[in-house]
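# Breakdown of the fold
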Amino acid sequence: MKPCKHKEIQFGKNTILLADVPDFEVWIPSLLQEMNAHRAAFDTSHRINGRWENSYLSVDLVPHIRIPMRFARNLGKEIMKIKSMILFESPTGSNNPHPPFWFNLAKPGEITGLHNHAHYSALSVVTYLQAELDAGSLYFHLEGEGQIEIEPELGRMVMFPPSLHHGVRVNRSTTERISLAFNLFSFPFNCDELW
Ligand SMILES: [Fe+2]
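Model, not experiment: these values are computed from the prediction. (Residues numbered from 1 in each chain as written. Predicted model: local features only at pLDDT ≥ 70, side-chain atom pairs only at ≥ 80, totals over all residues.)

### Re the sheet that holds strand 11 (residues 146-150)
What links the strands of a sheet is backbone hydrogen bonding, and the strands pair in either a parallel or an antiparallel sense. Here is the rule we go by: Note on pairing: two strands pair once DSSP finds at least 2 bridges between them. Going along the chain from the N terminus, every DSSP run of H or I of four or more residues is numbered as a helix, and every run of E of two or more is numbered as a strand. Axis angles are defined between N-to-C directions and span 0 to 180 degrees, where every axis is a line fitted to C-alpha atoms and, for a helix, only to the segment in contact.
If you trace the four strands from one edge of the open sheet to the other, you get 8-13-10-11, paired in antiparallel fashion. The open sheet has two edge strands, strand 8 (112-115) and strand 11, and neither has a second partner. Taken over all neighbouring pairs, the strand axes of this sheet differ in orientation by 15 degrees on average, direction set aside. In this sheet, strand 11 lies alongside strand 10 (residues 138-142) in antiparallel orientation, the contact comprising five bridges. Directly across from Leu142, in strand 11, lies its bridge partner Gly146.

Here it is as structure tokens:
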């Protein structure tokens, strides 16, 4: 793996890893093109405050997601010492039909409320595909520690423990904010515990 710039942030007992995904100038436009071509095929799971929180597509429609997902798996092992595996689709036996990766689309004025990804995954990850200035920072919240804010930047990846509560501030830019989020999994795993 190519060396990359990265930064570790300690937040209570949690480690948050920031990294620049190599060659993002190349794979982001390709991934956005794939995603935009298949917007009509989006599957969605939950609607909050008039906005679908997660938009899902199968990996065969957006094959460039493999690049950031593989990078995250490798970096998690190298820097965070967390071995994990990628799932490109919902495992057989899971009662959740959605793949464990999704797009977050936020129009101007939209937010994502505080939540976590406590689904027995090893790591949660988000990377930014489209975000202008003031498109809304990612924030983490921890009782007794307060909050920390991370501004979205194209090609920036944020890796964090799935149990850590987080949300996204209001998009005050004039364009849609688009990120790709996914969970990486421990192995071996029990399908009954995945969701
Ligand atoms: Fe999230």
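Next comes the rest of the account.
### With respect to the environment of Ala40
Inclusion rule: Here exposure depends only on C-beta density: within 10 Å of a residue's C-beta, 20 or more other C-beta atoms make it buried, 12 or fewer make it exposed, and intermediate numbers make it partly exposed, the C-beta atoms being placed from the backbone.
Along the chain, Ala40 turns up in the loop between helix 1 (24-37) and strand 3 (43-44). Judged by the 5 C-beta atoms lying within 10 Å of it, Ala40 falls in the exposed class. For Ala40 and Leu57, which are 17 residues apart along the polypeptide, the C-alpha to C-alpha distance reads 9.9 Å.

### Observations concerning the environment of Glu145
Worth spelling out the cut-off: Here contacts are defined at the residue level, using C-beta atoms placed from the backbone and a cut-off of 7 Å between them.
Relative to the helices and strands, Glu145 is located in the loop between strand 10 and strand 11. C-alpha separation for the pair Glu145 and Gly12, spaced 133 residues apart in sequence, amounts to 6.5 Å. In this view, Glu145 contacts Phe11 and Gly12; residues no more than four positions away in its chain are not counted.

### Looking at the pairing of strand 2 (residues 14-20)
Where strand 1 (residues 6-11) meets strand 2, six bridges bridge the pair, whose relative direction is antiparallel. Opposite Gln10, over in strand 2, you have Thr15 as the bridge partner. Connecting strand 1 to the next strand, strand 2, in antiparallel fashion are two residues, including Gly12 with a positive phi near 60 degrees. Where strand 2 lies against strand 12 (residues 156-160), four bridges are found, and the strand directions are antiparallel. The residue of strand 12 that forms the bridge with Leu17 is Met159.

### What to know about the pairing of strand 12
Across the five residues of strand 12, five count as buried, placing the element largely inside the fold. Side-chain alternation along strand 12 places Arg156, Val158 and Phe160 on one buried face and Met157 and Met159 on a second face that is also buried. Both strand 9 (residues 121-130) and strand 12 contribute to a ladder of four bridges, which runs antiparallel. What sits directly across from Thr127, in strand 12, is Met157.

### Observations regarding the nonpolar core
Defined as follows: Take the buried Ala, Val, Leu, Ile, Met, Phe, Trp, Tyr and Cys residues, join any whose C-beta atoms are within 7 Å, and the set you get is a nonpolar core.
One finds Ala72, Val125, Val158 and Met159 to be the most contacted residues of the largest nonpolar core, which totals 39 residues. When residues no more than four places from it in sequence are discounted, the contact partners of Val158 are Ile16, Leu18, Val126, Leu138 and Ile150.

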